[in-house]
Amino acid sequence: LLEIFYVNQPVSFTAQVQDFVGWLQRNSQVLAGFEKKAPQIEGTLKALYECAIPEMKETYWTSVQTLVFLGFNEAAIDLLVQHSAWTRWQNKDMAVKAQFEILESLITILQKMPRLAGSSNASAAVVGAAKVFTNASDFEVYRQKWLLACRQLLQNEVLWLECANSDEMTALGAKAVLSGLSGHEKTLRARAGTWTDLLCAQLLHRYSSLESFAELSSLTEYCIDSRDGAAAAAGSSGGDDGDGDGGVSFVADILLAILNDNVQEVISLCSQTLGPWFMAHAPDLFIDAKRQELQQMAGQQFERFVVEFTEALMPNTSMWQTVCDYLAWCPTWGEGALQIYLERLPVSRSDDKTVLQALEVADRHALPACAAQICRTLGVSRWQQGQRGSAVLWLRRGHDDRRVKHYIAEQKGRMDELDQILESLAEYERRRQTDEGGDGRAELDEILETLTGYAFKHESGGDQEKLQSVQLALARAIQ
């Protein structure tokens with residue numbers, strides 16, 4: 001909807017209206033779903049196609065009328081073909097002659113129904129039309145001839161009387177279709193389930209050549225008020241609880257704001273009702289429209305919508321790269337927010353691939369200080385995990401010379417302690433073999449105490465090879 005009015009560049013206002021009609025057609029059942037009392041036509045059509053004599057069902061002609069008034073002529077023709085009069089006429093049943101002639105004429109009228117063309121970006125707006133016009137004058141000339149054919153069929157009283165004698169429901173239903181095609185207000189209002197359906201029918205069959213947004217806005221308000229009045233009457237008589245119309249009410253509000261050229265109101269309504277993803281992207285449509293009043297707020301309010309969307313993504317750790325991409329999209333607050341976010345990533349629990357990806361993001365967005373902080377954080381974590389070599393490499397990559405020197409000195413101290421323990425065990429073993437140290441139990445206890453102290457000070461252990469050497473020497477000493 002926003003794209004139609006803010007992004008597309010239609011060749012004329014008439015084409016833009018036809019694009020809007022196409023939007024109403026495509027979303028008719030979605031919009032009807034907001035209202036509890038609105039008919040859902042899919043289930044009805046399925047039941048009718050499964051019926052041997054569908055025109056005997058009350059929903060047959062109401063469905064045909066709904067399809068025609070919303071411009072789905074091809075679907076309406078498919079349903080008309082299901083009428084049993086076709087088969088009976090092929091079987092030489094003269095009793096259905098009038099029904100057959102009316103159905104045949106009605107299908108021809110639907111196939112020749114004229115439509116104004118939409119823009120090239122919304123060509124789907126002319127669904128079900130056999131004759132499409134880009135020129136409003138040519139369209140109006142052709143339409144008057146087409147309406148004359150509708151009136152002539154309606155005025156054939158002998159044919160209608162004969163049809164009514166054989167099938168009154170067909171006569172009444174077909175007359176209602178022709179009445180709506182001719183733009184009769186009462187007929188269109190009676191069949192519209194929602195204000196959006198009524199608006200679509202009005203634009204197709206009654207006001208097909210509007211010339212301004214003011215006219216379109218007035219017509220939209222009329223349709224909204226008409227259906228609201230009908231809903232209120234139904235509620236007072238039928239006890240409707242009034243729930244379920246919030247969505248369609250929102251559509252009405254935003255559409256009126258669009259038609260009244262109130263961009264600020266459109267943005268406000270969207271932000272109140274739609275989710276953070278929508279608000280992160282919708283402003284681009286307004287910016288593309290290059291509206292003067294949006295230039296000041298573009299870098300502030302719009303950017304805030306993007307930041308709010310990233311906040312919604314942050315709890316999902318698998319989306320961290322997406323968060324970075326969106327933050328980088330923000331020219332004002334993006335760089336600072338991206339730097340903070342990257343520095344707070346849980347790199348200590350991540351594998352090297354994820355860390356390298358984070359560093360790539362930092363490099364891509366020219367954040368060298370952030371990249372260095374990630375390396376330093378990971379280096380400290382790896383040292384605490386006992387991964388000494390990896391820790392030193394990451395710290396060096398993070399330009400943390402102070403910690404590198406400290407950790408190398410600490411590692412040397414560990415090695416020296418292990419060397420002392422190995423020397424003590426070797427001396428103990430030598431003296432034990434030469435009987436110089438007695439049973440040596442006190443000396444061995446002292447070595448064990450030193451080794452226990454080493455393990456307590458360095459919970460993650462020291463150099464693995466030297467530790468293994470100490471363990472082997474200790475095992476021999478105990479034997």
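Residues numbered from 1 in each chain as written. Predicted model: local features only at pLDDT ≥ 70, side-chain atom pairs only at ≥ 80, totals over all residues. Heavy atoms only, no water.

Peer 1: Describe the pattern of salt bridges, naming the residues involved and giving the relevant values.
Peer 2: This structure, assessed with the given rule, holds 4 salt bridges. The salt bridge involving R88 is made with D93; its shortest N-O contact spans 2.9 Å. Judged by its relative accessible area of 25%, D93 falls in the partly exposed class. (Salt bridge = Lys/Arg side-chain N within 4 Å of Asp/Glu carboxyl O. Buried < 20%, exposed > 50% of the residue type's maximum accessible area, 1.4 Å probe, protein only.)

Peer 1: Tell me about the layout of surface pockets, residues and numbers included.
Peer 2: Counted as a void, the second largest pocket has a volume near 300 Å³. Those elements that place two or more of their residues in the lining of the second largest pocket are α3 (28–32), α15 (246–259) and α17 (276–288). Of all the elements, α15 adds the most residues to the lining of the second largest pocket, at 3 residues. Tallied by class, the residues present in the lining of the second largest pocket amount to 13 nonpolar, 1 polar and no charged. (1 Å grid on protein atoms, 1.4 Å probe; cavity = no way out; pocket = protein on both sides within 12 Å on 5 of 7 lines; lining within 4 Å. Points joined across faces, edges and corners; volume = space filled by probe spheres on them. Helix = DSSP H or I, 4+ residues; strand = E, 2+ residues; numbered from the N terminus. Nonpolar A, V, L, I, M, F, W, Y, C, P; charged D, E, K, R; others polar.)

Peer 1: Now, about the packing of helix α10 (residues 157–166) against helix α11 (residues 168–181): what can you tell me, with residues and values included?
Peer 2: One can describe the packing of α10 onto α11 by two numbers: an axis separation of 5 Å at closest approach and a directional angle of 135°. Between α10 and α11, the angle falls in the class oblique. Where α10 approaches α11, its residues W160, C163, A164 and S166 are matched on the opposing element by E168, T170, A171, A174, K175 and L178. (Axes fitted to C-alpha atoms, helices over the stretch in contact; angles between N-to-C directions. Parallel < 35°, antiparallel > 145°, perpendicular 65-115°, else oblique. Contact = heavy atoms within 4.5 Å.)

Peer 1: Now, about the packing of aromatic side chains: what can you tell me, with residues and values included?
Peer 2: Counted under the stated rule, the structure contains 10 aromatic pairs. For the pair Y60 and W61, a centre-to-centre distance of 5.3 Å together with 90° between the ring planes defines the contact as edge-to-face. With a centroid separation of 6.2 Å and 70° between ring planes, the pair formed by F133 and F139 is classed as edge-to-face. Taken as a pair, F133 and F139 share a single burial class, namely buried. (Phe/Tyr/Trp six-rings, centres within 6.5 Å; stacked < 30°, edge-to-face > 60°.)

Peer 1: Describe the side chain of D197, listing the residues and the values that go with them.
Peer 2: Structurally, the position occupied by D197 is in helix α13 (residues 195–205). The residues contacting D197, other than those within four sequence positions of it, are S28, L70 and A192.

Peer 1: Requested: an account of the packing of helix α5 (residues 58–69) against helix α6 (residues 73–80), with residues and values cited.
Peer 2: Put simply, α5 and α6 touch, their axes get as near as 8 Å, and they point 160° apart. It follows from the interaxial angle that α5 and α6 lie roughly antiparallel. As for how α5 packs across α6, the hand of that crossing is left-handed. Each of Y60, W61, S63, V64, L67 and V68 in α5 lies in contact with α6, whose residues at this interface are N73, A75, A76, L79 and L80. Across the contact of α5 with α6, the residue classes tally to 9 nonpolar, 2 polar and no charged. (Left-handed = near helix turned anticlockwise from the far one by under 90°.)

Peer 1: Can you explain helix α9 (residues 136–154)? Please cite residues and give values.
Peer 2: Over its 19 residues, α9 runs 26 Å from end to end, which matches the ideal 27 Å to within 8%, given 1.5 Å per residue. Inspection of α9 places F139, R143, W146, L147, C150 and L153 among the buried residues, and these make up the whole buried set. Summarising the axial view, the buried residues of α9 lie within an arc of 110°, below the 170-degree limit, and thus occupy one face. Seen from the open side of α9, the exposed residues pointing more than 90 degrees away from its buried face are S137 and K145. Looking at the buried positions of α9, the neighbouring elements they touch are α8 (97–111), β1 (114–116), β2 (131–133), α10, α11 and α13. (Expected span 1.5 Å × (residues − 1). Arc of directions from axis to C-beta.)

Peer 1: I'd like to hear about the confidence of the model for the chain, residue by residue, with values.
Peer 2: On average, the chain scores 80 in pLDDT, and the residues at 70 or more come to 76%. Between residues 236–244, whose pLDDT stays under 50, and residues either more than four places distant or in other chains, the model counts 7 contacts. Within the model, pLDDT remains below 50 along residues 455–462, and this stretch shows 14 contacts once partners closer than five positions in the same chain are excluded. (pLDDT = per-residue confidence, 0-100.)

Peer 1: For unusual backbone geometry, give the residues involved together with the corresponding values.
Peer 2: Backbone geometry at D261 places phi at a positive 60°, although glycine is not the residue there. Relative to the assigned elements, D261 resides in the loop between α15 and α16 (263–273). Of note in this structure, A366 is not a glycine but carries a positive phi near 55°. Structurally, A366 can be placed in the loop between α22 (352–364) and α23 (368–384). Overall, the relative accessible area of 57% leaves A366 in the exposed class.

Peer 1: Tell me what's going on with the side chain of S119, and back it up with residues and numbers.
Peer 2: Checked against the element boundaries, S119 lands in the loop between β1 and β2. Apart from the residues within four sequence positions on either side, S119 is in contact with P10, A15 and D19.

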